[in-house]
Structure formats: C-alpha cells, structure tokens
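Tertiary structure, described
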Amino acid sequence: MAGRGKGADFVEALARGLDVLTCFDATRRELSLSEVAVATGLARPTARRLLLTLQELGYVRATGEGGFALTPQVLRLGIAYAGSLGLWEMARPHMEALVARTRESSSITQLDGSDIVYVARVSVPKIITLRVDIGTKFPAPPTSQGKVLLAQLGDEELAEALDTPSLSWVVTKPVDRKALATELAEVRARGWALADEELAPGIRSIAVPLRDGGGAVRAALNVSTHAAETSVEMLTETYLPLLMDAANRISSDWSTWQSRPSVEMSSTRR
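Figured I'd write up the structure that's included with this text. All residue numbers here refer to positions counted from 1 along the written sequence of the relevant chain. Predicted model: local features are reported for residues with pLDDT of at least 70 only, side-chain atom pairs are reported and counted for 80 or more only, and whole-chain, interface and lining totals are derived from all residues. No hydrogens and no water enter the side-chain calculation; it runs on all heavy atoms of the structure.

Description of the overall build of the chain
Just so we agree on the cut-off: Per the convention used, a helix needs a DSSP run of H or I reaching at least four residues, while a strand needs a run of E reaching at least two, with both numbered from the N terminus. Relative accessibility decides the category of a residue: with a 1.4 Å probe and only protein chains considered, values under 20% of the type maximum give buried, values over 50% give exposed, and everything between is partly exposed. Contact definition: two residues touch when any of their heavy atoms are within 4.5 Å. Residue exposure ignores everything except the shown protein chains as possible cover, and the areas themselves are Shrake-Rupley values with a 1.4 Å probe.
When its secondary structure is counted, the chain shows nine helices and nine strands. Within the span of the chain, comprising 270 residues, buried residues form 42% of the whole. If you take every contact in the chain between residues at least 6 apart in sequence, the share linking residues at least 24 apart comes to 57%. With an accessible surface of roughly 15,500 Å², the chain has 53% of that area assigned to carbon and sulfur atoms.

Focus on the environment of Leu167
Looking at where Leu167 falls in the secondary structure, it is placed in the loop between α7 (155-163) and α8 (177-190). Those residues within four positions of Leu167 in sequence are excluded, and the remaining contacts are Asp115 and Lys137.

As for unusual backbone geometry
Its identity as a non-glycine residue notwithstanding, Arg103 has a phi of 60 degrees, on the positive side. Mapped onto the secondary structure, Arg103 falls in the loop between α5 (87-102) and β4 (105-112). Despite not being glycine, Glu197 shows a phi value in the positive range, around 55 degrees. Along the chain, the position of Glu197 falls in the loop between β7 (193-196) and β8 (203-211).

Remarks on a negative patch on the surface
The criterion, for reference: In this analysis, a patch consists of residues with relative accessible area above 30% that form no salt bridge, clustered at 9 Å for like charges and at 5 Å for the nonpolar side chains Val, Leu, Ile, Met, Phe, Trp and Tyr. For this analysis, a salt bridge means a side-chain nitrogen from Lys or Arg found within 4 Å of a carboxyl oxygen belonging to Asp or Glu. Just so you know, the count uses Lys and Arg for positive and Asp and Glu for negative, and it drops His and the chain ends. The atom standing in for a charge is NZ when the residue is Lys, CZ when it is Arg, CG when it is Asp and CD when it is Glu.
On the surface, Asp155, Glu156, Glu157 and Glu160 cluster together to form a negatively charged patch. Relative to the helices and strands, Glu157 resides in helix α7. According to the relative accessible area criterion, Glu157 is partly exposed, its value standing at 46%.

Laid out in structure tokens, this is it:
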C-alpha cells in the first residue's frame, strides 16, 4: 500500500499509518504484528513502530494474545467527517419520523469508489442477513442507494467508479455494465431506485437522493426491509411517498444549514 504517493507534498509516514488503521475490518478485528505487516506491505519494524504510535495516541490497543485491535477512538475520525457535513444533525429527526411511520430501518450512504459507505442510520430490531453499522461498506451496484448515487455520474465517472476495487467484505456477482447503465438511466429519470434481494437473500430496499443547497446529489436515503415481510408493492406504493417526503425535508434543512452566515472571530494580540 505504501509508496504510491506522487505529489511533492505527499507524507508517506501518514499514509502508512492510515494503511495500518484501514487493514482492520469486520472480518479482521484483531491482527498480529505479522498480519498487519502482510496486510499493509510494510516491513515488520515499520509496522511495529506505527502500531505503537497509534497505541500511544489511543487509536489501537494491544490485546492479551500478542495482537492489536482498534479502539472506539477511531470513531472520532468518522464523526468529525459526518459533523463537518452537518447532514446527521439535519437528518436525524426526519429519519426517526420515517422509521416511526414505516417501522423499518433507514440509512444514509455516500459513494466511495465502487462502494457505498453508511454515514447515518436509524434502525429497528429485525432479523436481517447483513449487519449494518456506521462506516459499513457494501458494493454499490446491487444496492438501492448505490444505484441512486451511481445514476448521478457521467459515463467517465461511472466507469472510473466501477473500475475501483470494492473494499466491502460482501462478494457479489460481476457487474453487467450494459444492463446497469440501462437501469441507471431509469433511476435517473424517475428519481428513485429499488434493490430486490440483489445484495443478499432477504434484503429488499428502496432509495432516493439527498441534495445539497446547490441541487447536487450528495447522499442517498433508503428504507430497508426483509423481503419475507414487505412486498415490492408496499415499498413503491406506501413507503416511497414517505421516503421522498423525508428526503425533501432533509435536503431543505441541509440547504438552509449550508447557507447559514459564517462569522469569523478575529483575535487581537496584546
């Protein structure tokens, strides 16, 4: 992973530290020094120094069996990102109202290469085949939110996104790009997307875009259900109007938040 920077100001040490953090995931919650070195492509001494530095900063802890694991402090990085958007603050009351009316979970995701990443979620207790947390990544093409976000890309941007290797642990079938392009055109025209057990058996969802103050699609909002409990007709006829109303309210509040006056306080040196 390291050694790929090309800019004159690229900081290799920082990149290596981030490589160490991101080599942990849902299937590799605890790693030994050797495993971290292999996963990052770093020499063992370098990996050891980085792990000990991250441990001192509080992002990594040593386990009792000679391994390492992330600490909850890593969440501060994601929370800082979500907070900088202002999206979660605007979305939460509307998502909670949507969940109260549908009694189904709702999430907000953004596009990251060929994946979607979850940045906000209000869930209800359900038996579901895939666990979803903030920061979870799924391949974009087989998800309703991914289709909404991919539909906003131009041809070159779409090809670049699909060429990016997925970082999700979920393995899906190869993408038929011609069929996907046709579906994305339909999604773009009607303003919503449906995924019917495409990501995994039992998972059925519907999604709509969230727009910023300039009208650009920045995220997607969905309602996810269990296929055995909720039909496609229920999603499109009953939940979709509620979902679109929530998305419009979130986008409106987000636009207002983004346009708020910014006041800079200047300090006077004495």
